[in-house]
Amino acid sequence: SQTIHQWPATLVQPVGSPLSLECTVEGTSNPNLYWYRQAAGRGLQLLFYSVGIGQISSEVPQNLSASRPQDRQFILSSKKLLLSDSGFYLCAWNFGSNTEAFFGQGTRLTVV
Amino acid sequence: AQTVTQSQPEMSVQEAETVTLSCTYDTSESNYYLFWYKQPPSRQMILVIRQEAYKQQNATENRFSVNFQKAAKSFSLKISDSQLGDTAMYFCAFMNGAGNMLTFGGGTRLMVKP
C-alpha cells in the first residue's frame, strides 16, 4: 500500500533562517506531488506541484522554492524565512486522473 | 487557471438535521473531477466524496451526497443525519482532466450542535 511521510510535524524557526521540509511517498512510482500552505482557519493555497523528477511548477511566486531530487521525494525550501511564512504546510500526492489526493500529516511552521 | 469558491465561511446544524455546503468553480475544461475533503481538528485531510464531470449521476456515500450542476459549475455537498463527528472544515476541490493539478476552495467550517 502507498504511504506518505512528511516531517517534521512542528517547527519553530527565527526570521531569516533557512527552511527545509521533506515529503516522501512509498509504494508507488511517478506520482504527482503537491505542496500546500494553510493559514490559520483558512483554505489550502497551492504552492508547488510536480509531475516528475526535476519538474516543478510554481503557483505563487514568493519566498519559497521546491525541488524533486528523486521520484518520490519532494522538498520545500527557503533561504530566509519571513514572518508571513508561518502556517500549516501539507504535502500531497496522487497518480493520474480520477484519483484522489492523499495527504501527509502536515508541518506546523512558526516563524518568530 | 481554475478557481474554486466556497461562499459560506461558517455553518452550523443541529445533530440529526441536514445541511448543504455550497461550492462553485470556474474552468474551461470539459473533463475534470471534483472532490469534497473533510479536515477535522487533527488537520488530517480525509476524502468525503468524489464526482467525475462526465457522469450525470450525482455521487453518494452513505450520509453524504452531492448536487452536481455542470452547466452552472456548481458542486454542493449535502450531509444528512448530521453527527457530532461531522464537525470539521470542509473543502471543495477541483482536479483537471490530466489529474495533475488540484485546486481547493477556501473551506467551510461546519459545527454540528447537540
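These remarks concern the structure in this document. On a predicted model such as this, the values are computed, not experimentally measured, just so you know.

A few words now on the state of the cysteines. Taken as a whole, this structure holds two disulfides over all chains when the rule is applied. A disulfide bridge connects cysteine 23 of chain A with cysteine 91 of chain A, and the sulfur atoms are separated by 1.9 Å. For the disulfide bridge between cysteine 23 of chain A and cysteine 91 of chain A, the dihedral angle about the S-S bond is near -75°, and by the sign convention the bridge is left-handed. In this pair, cysteine 23 of chain A sits in strand 3 (residues 19-26) while cysteine 91 of chain A sits in strand 9 (residues 87-94), placing the two residues 68 residues apart along the sequence. Through a disulfide, cysteine 23 of chain B is tied to cysteine 92 of chain B; the S-S separation comes to 2.0 Å.

Attention now goes to the packing of aromatic side chains. A full pass over the atoms with the stated rule returns 16 aromatic pairs over all chains. Ring pairing ties together the aromatic residues Tyr34, Tyr36, Tyr49 and Phe103 of chain A together with Phe35, Tyr37, Phe91 and Phe104 of chain B, which thus form one cluster. The positively charged end of arginine 43 of chain B is found above the aromatic ring belonging to phenylalanine 88 of chain A, 4.0 Å away from the centroid.

Turning our eyes to something else, we now look at the pattern of salt bridges. Residue and element names in this part refer to chain A. If you walk through the whole model with that rule in mind, you get six salt bridges over all chains. A salt bridge links arginine 37 to aspartate 85; the shortest N-O distance between them is 3.7 Å. With arginine 37 in strand 4 (residues 32-38) and aspartate 85 in the loop between strand 8 (73-78) and strand 9, this residue pair connects regions lying 48 residues apart in the sequence. Like arginine 37, the residue aspartate 85 is buried in the burial classification.

Criteria and thresholds
Residues numbered from 1 in each chain as written. Chains lettered and ligands numbered in written order. Predicted model: local features only at pLDDT ≥ 70, side-chain atom pairs only at ≥ 80, totals over all residues. Heavy atoms only, no water. Disulfide = S-S within 2.5 Å. Helix = DSSP H or I, 4+ residues; strand = E, 2+ residues; numbered from the N terminus. Phe/Tyr/Trp six-rings, centres within 6.5 Å; stacked < 30°, edge-to-face > 60°. Lys NZ or Arg CZ within 6 Å of the ring centre and 35° of its normal. Salt bridge = Lys/Arg side-chain N within 4 Å of Asp/Glu carboxyl O. Buried < 20%, exposed > 50% of the residue type's maximum accessible area, 1.4 Å probe, protein only.

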